[in-house]
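Residue-level listing of the chains:
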Amino acid sequence: SVLTVACEQTEVLLFDPISSKHIKTLSEAHEDCVNNIRFLDNRLFATCSDDTTIALWDLRKLNTKVCTLHGHTSWVKNIEYDTNTRLLVTSGFDGNVIIWDTNRCTEDGCPHKKFFHTRFLMRMRLTPDCSKMLISTSSGYLLILHDLDLNKSLEVGSYPILRARRTTSSSDITSSGSSGPRAVGSPCHQHDSGPLSEKHMSRSSQREGGSPRNSLEVLTPEVPGERDRGNCITSLQLHPKGWATLLRCSSNTDDQE
């Protein structure tokens, strides 16, 4: 019943989506640009900002925040929410994906822990059923965590890698399970700017059998005509049923999209 708008400045706007009537402006929702908004239920919503914080709001009392969440050290760009566990999931340019336990929120914030870290993180999304996490990077990789378990924090080298492969734009991301095509080459072998170290890639890629929880797949989406040029995956959107993903890529020289 409410449309919320994240603004480039510090504001959040609220509208009635039926009448288009402007309901309210949260003029100082944050101290910097507001990047994303996510509803947790029919009254609570979260906002994130370049001021490195996340704020929780209650539609019934918008004159003040429910609480402010501190944990990121750089711009916070994405908010996701797992309705099964009631865990809030955020990602920022500090490379961290952080889990917040909204079941135990107080005025001082929510208990939180770092779930995942990768260099050059740009965007993070959960599939609608919360079974996968997708992460895009500024170094052109798309990371997929399969059979997602948000209660288990991941450290470098502690997660098995299904494979690393190059995929064309027609690849279906939902069919990329452990029985899919073999790796055609590890992106971590190309240069040292990859999300994982080569020794972890080599060791984990040899695993066989079924996919355990939080198995990591590394994809290098192929942009037509751009095979020899690096690409930054600046945007990441998922189909409402998780059938496909839409990527927006920019060349490293910023002269093509």
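Residues numbered from 1 in each chain as written. Predicted model: local features only at pLDDT ≥ 70, side-chain atom pairs only at ≥ 80, totals over all residues. Heavy atoms only, no water.

By the naming in an unreviewed UniProt entry, the chain goes by DDB1- and CUL4-associated factor 10 and is assigned to Balaeniceps rex. UniProt's Function (unreviewed entry) comment on the chain is quoted here verbatim: "May function as a substrate receptor for CUL4-DDB1 E3 ubiquitin-protein ligase complex." Quoted verbatim from the Sequence similarities (unreviewed entry) heading of the UniProt record, the comment on the chain is "Belongs to the WD repeat DCAF10 family." (UniProt positions renumbered as here; feature names shortened; annotations may be inferred.)

1. With respect to the state of the cysteines
Across all of its chains, the model carries 1 disulfide by this definition. With its sulfur 1.8 Å from that of its partner, Cys-105 forms a disulfide with Cys-110. Disulfide Cys-105 to Cys-110: torsion about the S-S bond roughly 50°, handedness right-handed. Considering cysteine sulfurs only, Cys-249 is the nearest to Cys-232, which forms no disulfide, with 8.2 Å between them. (Disulfide = S-S within 2.5 Å.)

2. Re the pattern of salt bridges
Per the counting criterion, the structure on display carries 8 salt bridges. Residue Asp-50 pairs with Lys-77 through a salt bridge whose shortest N-O separation is 3.2 Å. Of this pair, Asp-50 sits in the loop between β5 (44–49) and β6 (53–58) while Lys-77 sits in strand β8 (residues 76–82), placing them 27 residues apart in sequence. Just as Asp-50 is buried, Lys-77 falls in that class too. (Salt bridge = Lys/Arg side-chain N within 4 Å of Asp/Glu carboxyl O. Helix = DSSP H or I, 4+ residues; strand = E, 2+ residues; numbered from the N terminus. Buried < 20%, exposed > 50% of the residue type's maximum accessible area, 1.4 Å probe, protein only.)

3. Here we look at the sheet that holds β6
Backbone-to-backbone hydrogen bonds join strands into a sheet, with any given pair of strands oriented parallel or antiparallel. Taken in spatial order, the 4 strands make up an open sheet running β4-β5-β6-β7, and their pairing is antiparallel. The open sheet terminates on both sides in strands that have one partner only, identified here as β4 (34–39) and β7 (67–70). When strand polarity is set aside, the average angle formed by the axes of neighbouring strands in this sheet is 20°. (Pairing = 2+ DSSP bridges. Axes fitted to C-alpha atoms, helices over the stretch in contact; angles between N-to-C directions.)

4. A word on the environment of Phe-45
Secondary-structure assignment places Phe-45 in strand β5. Sequence separation between Phe-45 and Asp-58 is 13 residues, and the spatial gap between their C-alpha atoms is 6.7 Å. What Phe-45 contacts, discounting residues up to four positions off in sequence, is Leu-26, Ile-37, Arg-38, Phe-39, Leu-40, Ala-55, Leu-56, Trp-57, Leu-59 and Leu-62. (Contact = heavy atoms within 4.5 Å.)

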